[in-house]
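Here is how the chains run, residue by residue.
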Amino acid sequence: WGAARESGGPVYLRIGKAGELRIHAAYAMDITKFRWARFVANEVDRTTLVVSYGSIAAEALKVAGRLDADMVTVAALAPLDLELVREAGRYQRAIIIEEASGAPLAQALRAACAGRGIDIQSFALPRDFPHLYGSREELLAAAGLTAEKIIEQRA
């Protein structure tokens, strides 16, 4: 897929290897077509949407459950899927949780949703080097990226 895509250029593929929860196991995904998946949604009108991708999506799913929010996961950050932007526009608040420095998804959604009145909150890895070591869970906690820490930090 990476070599055959029309746009060429570099591709970044991240594969979890620390026993992360496989939240997409129920999906038979064709990576050339899959753009985003919905979780937790039901018939209730909710005001908050949680958006995530990659292995941190398991923590995001916990946040969505605790906040009684809808959640979507994206398969690719670029190009930003316009259907996802329309979906986010239905909510008052979007909480973006990403295990990346610089919050690329939050930045892209902020730009795409500018002027729509959506409160976009971003939780991502800090840009500075973490001068500590430990398990993945310990590092996420230090960065404020566990479900508990995110719920404590949200406005």
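See above for the structure.
Residues numbered from 1 in each chain as written. Predicted model: local features only at pLDDT ≥ 70, side-chain atom pairs only at ≥ 80, totals over all residues. Heavy atoms only, no water.

**What to know about helix H1 (residues 57–67)**
Consideration 1: Looking at H1, one finds that the buried residues are Ala57, Ala58, Glu59, Ala60, Val63, Ala64 and Leu67.
Consideration 2: As for H1, its buried residues are in contact with strand E2 (48–52), strand E3 (70–74), strand E4 (93–101) and helix H5 (147–153).
Consideration 3: Backbone geometry just after H1 places Asp68 at a positive phi near 55°. (Buried < 20%, exposed > 50% of the residue type's maximum accessible area, 1.4 Å probe, protein only. Helix = DSSP H or I, 4+ residues; strand = E, 2+ residues; numbered from the N terminus. Contact = heavy atoms within 4.5 Å.)

**Describing the pattern of salt bridges**
Consideration 1: Tallying each qualifying case throughout the model produces 6 salt bridges.
Consideration 2: Notably, a salt bridge pairs Arg46 with Asp68, separated by 2.8 Å at the nearest N-O pair. Note that Arg46 is positioned in the loop between strand E1 (36–39) and E2 and Asp68 in the loop between H1 and E3, a separation of 22 residues in sequence.
Consideration 3: Overall, the relative accessible area of 46% leaves Asp68 in the partly exposed class.
Consideration 4: When the shortest N-O distance is used, the salt bridge between Arg90 and Glu87 registers 2.8 Å.
Consideration 5: Residue classification places Arg90 among the exposed residues on the basis of a relative accessible area of 54%.
Consideration 6: The class for Glu87 is buried, based on a relative accessible area of 10%.
Consideration 7: Sharing partners across several salt bridges, the network here consists of Arg46, Asp68 and Asp70. (Salt bridge = Lys/Arg side-chain N within 4 Å of Asp/Glu carboxyl O.)

**A few points about the pairing of E2**
Consideration 1: Among the 5 residues in E2, 5 count as buried, and that is most of the element.
Consideration 2: Alternating residues of E2 divide into Thr48, Val50 and Ser52 and Leu49 and Val51, and every residue in both groups is buried.
Consideration 3: Bridge analysis of E2 against E4 gives 5 bridges, and the strand direction is parallel. Residue pairing across strands places Thr48 opposite Arg93, the latter belonging to E4.
Consideration 4: In this structure, E2 lies alongside E3, joined through 4 bridges in parallel fashion. Paired with Val50 across the two strands is Met71, which belongs to E3.
Consideration 5: With H1 bridging E2 and its parallel neighbour E3, the resulting β-α-β unit is right-handed. (Pairing = 2+ DSSP bridges. Right-handed = clockwise from strand over helix to strand, strands pointing away.)

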